[in-house]
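If you want the building blocks of each chain, they are given just below.
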Amino acid sequence: MALLVIGGDGKIGSKLIEVYEKSHISVLKTTWKKELVTDGSFYLNLEDDVENWILPSFKIDVVFFCAGKTSIDYCENEPLKSRKINVVNTIKLIKRFCDSGAFVIYISSNAVFNGETPFSDLNEEFDPKTEYGRQKVEVESFLLGMCENVAIARFGKILSVNIPLFNDWIIKLRNAVPINVFSDMNMSPVSLDYAIDILIKISQKKIKGIYHCSAIHDISYSAVAYFISSKLCLDANLINCISYKDVGIKFSPRYTTLNSSKLQEFQSIPPSPFDAINQYLIFNDES
Ligand SMILES: NC(=O)c1ccc[n+]([C@@H]2O[C@H](COP(=O)([O-])OP(=O)(O)OC[C@H]3O[C@@H](n4cnc5c(N)ncnc54)[C@H](OP(=O)(O)O)[C@@H]3O)[C@@H](O)[C@H]2O)c1
């Protein structure tokens, strides 16, 4: 079975490749960094005209679509540039892969919803509040209407074991420097390992449709900071709770959880949000 990761250098794409390679399964990838093109990887820049992009000459069975502009701020500030990458060329390329008979897994987000209620259902109405979310909705709407061989995997937050924000908090707290954390910005994170496991299971079943994957409840960024400070015996008095509005951020959803009950099909139980934080602490040998 030939597997292709579009965006093989990103957080999710590179981890997918690492996990497959550990099981001695080879995976092809695309990169938009010319210097990283090697055997088994193809140059693909989603800013270019992807209609002329030469598809691999052999049959690809599964495509994991992991490339794009993922910064909410970048999408907000550069709506046209980001839309060309995240919507226009993403749709064109996925359509080409679907037409070639590949099964495509597109990674989407809770940002397609307004975040006013917890545990958004699979068929909840779209109501994005950010440009990033609107772009996800555009792609999803196209895929749901036009492509047969597509799974859409919506995630809340996916936490790797390298999280610059948490690293920064820990360094500051250790040096008795106060930190400002949002008490009204929430996440329902799953670990990158958990997310990869779900994506691989979707690829094995190749069942089209929408999948949801989030932790079982939301936690605020301040709750995460208090959790980390308690685990590492750091001074919690240095944690200042502020609002995201204090720093000019216009929107943050009250709820980010997704109704993930469909994951039972894979014998997967949605995790506690603290599992992903614990995994970060253990990996960094901080607990
Ligand atoms: N991580 C999460 O918490 C999360 C949650 C829900 C959904 N998702 C979705 O999952 C997908 C993968 O996310 P991720 O966390 O792996 O993000 P990521 O680390 O930013 O990966 C995206 C990759 O696309 C690359 N890219 C940027 N512009 C490109 C272009 N013009 N042409 C080709 N590639 C380009 C990026 O390169 P540079 O790094 O050089 O920019 C990066 O390698 C995205 O669609 C994201 O929206 C992620």
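Quick notes on the rules
- Residues numbered from 1 in each chain as written.
- Predicted model: local features only at pLDDT ≥ 70, side-chain atom pairs only at ≥ 80, totals over all residues.
- Heavy atoms only, no water.
- Helix = DSSP H or I, 4+ residues; strand = E, 2+ residues; numbered from the N terminus.
- Rg over C-alpha atoms; globule rule 2.2 N^0.38 Å.
- Buried < 20%, exposed > 50% of the residue type's maximum accessible area, 1.4 Å probe, protein only.
- Areas by Shrake-Rupley, 256 points an atom, 1.4 Å probe, with all protein chains shown as cover.
- Lys, Arg positive; Asp, Glu negative; His and termini not counted.
- Charge placed at Lys NZ, Arg CZ, Asp CG, Glu CD.
- Near = heavy atom within 4 Å.
- Polar contact = N/O pair within 3.5 Å; in protein donor to acceptor, adjacent residues only side chain to side chain.
- Nonpolar A, V, L, I, M, F, W, Y, C, P; charged D, E, K, R; others polar.
- Core = buried A, V, L, I, M, F, W, Y, C linked by side-chain atoms within 4.5 Å.
- Contact = heavy atoms within 4.5 Å.
- Phe/Tyr/Trp six-rings, centres within 6.5 Å; stacked < 30°, edge-to-face > 60°.
- Lys NZ or Arg CZ within 6 Å of the ring centre and 35° of its normal.

(A) The overall build of the protein chain, seen in detail. When helices and strands are tallied, the protein chain shows 8 helices and 13 strands. In terms of overall size, the protein chain behaves like a compact globule, its C-alpha atoms giving a radius of gyration of 19 Å where 287 residues would be expected to give roughly 19 Å. The buried share of the protein chain, reckoned over its 287 residues, is 51%. Of the roughly 13,800 Å² of accessible surface on the protein chain, 53% is carried by carbon and sulfur atoms. Placing the 30 positive and 34 negative side-chain charges of the protein chain at their respective mean positions leaves the two points 2 Å apart.

(B) Looking closely at the site of the ligand. In the vicinity of the ligand, 25 residues are found, and the nearest of them are K11, I12, L46, Y132 and K136. Between the ligand and the protein, one listed contact pairs an oxygen atom with a side-chain N or O atom of K136 at 2.8 Å. At 2.8 Å from an oxygen atom of the ligand is found a main-chain nitrogen or oxygen belonging to I158. For the ligand, whose accessible area on its own is 880 Å², the fraction buried by protein is 84%. Listed by contribution, the elements that provide at least two residues to the shell around the ligand are α1 (11-22), β5 (103-109) and α4 (131-146). Ranked by the residues each element gives to the shell around the ligand, the list is headed by β5, at 3 residues. Partitioning the shell around the ligand into residue classes produces 11 nonpolar, 7 polar and 7 charged.

(C) Expanded view of the nonpolar core. Within the largest apolar cluster, 30 residues are counted, with the highest numbers of intra-cluster contacts made by I12, L16, F64, I105, F155, L199 and I202. Of all the secondary structure elements, the ones that give two or more residues to this core are β1 (3-6), α1, β4 (62-65), β5, β6 (150-155), α6 (192-205) and β11 (209-213). At 8 residues, α6 tops the list of elements feeding residues into this core. Setting aside residues no more than four positions away along its own chain, I105 makes contact with V62, V63, F64, F65, A151, A153, L199, I202 and S203. Counting residues in hydrophobic clusters, the runner-up holds 28 residues, among them L4, W53, I91 and I94.

(D) Representation of the packing of aromatic side chains in the model. Evaluation of the coordinates by the stated rule reveals 7 aromatic pairs. Aromatic side chains Y20 and F64 sit 6.1 Å apart centroid to centroid with 50° between the ring planes, which places their arrangement in the tilted category. Separated by 44 residues along the polypeptide, Y20 in helix α1 and F64 in strand β4 bring together distant segments of the chain. Each member of the pair, Y20 as well as F64, is classed as buried. Summarising the aromatic geometry, the rings of F166 and W169 are spaced 5.2 Å apart at their centres and angled 25° between planes, so their arrangement reads as stacked. Residue F166 and its partner W169 are located together in helix α5 (residues 164-174), separated by 3 residues, close to a single helical turn. For W169, a relative accessible area of 5% translates into the label buried. Each residue in the set F42, W53 and F97 is aromatic and connected to the rest through ring pairs, giving one cluster. Sitting above the plane of the Y211 ring, K262 keeps its charged end 4.1 Å from the centroid.

(E) A look at the side chain of S108. For S108, the location among the structural elements is in strand β5. When its relative accessible area of 4% is taken as the criterion, S108 is described as buried. With sequence-adjacent residues up to four places away left out, S108 is seen in contact with K136, E140, I152, A153, R154 and F155.

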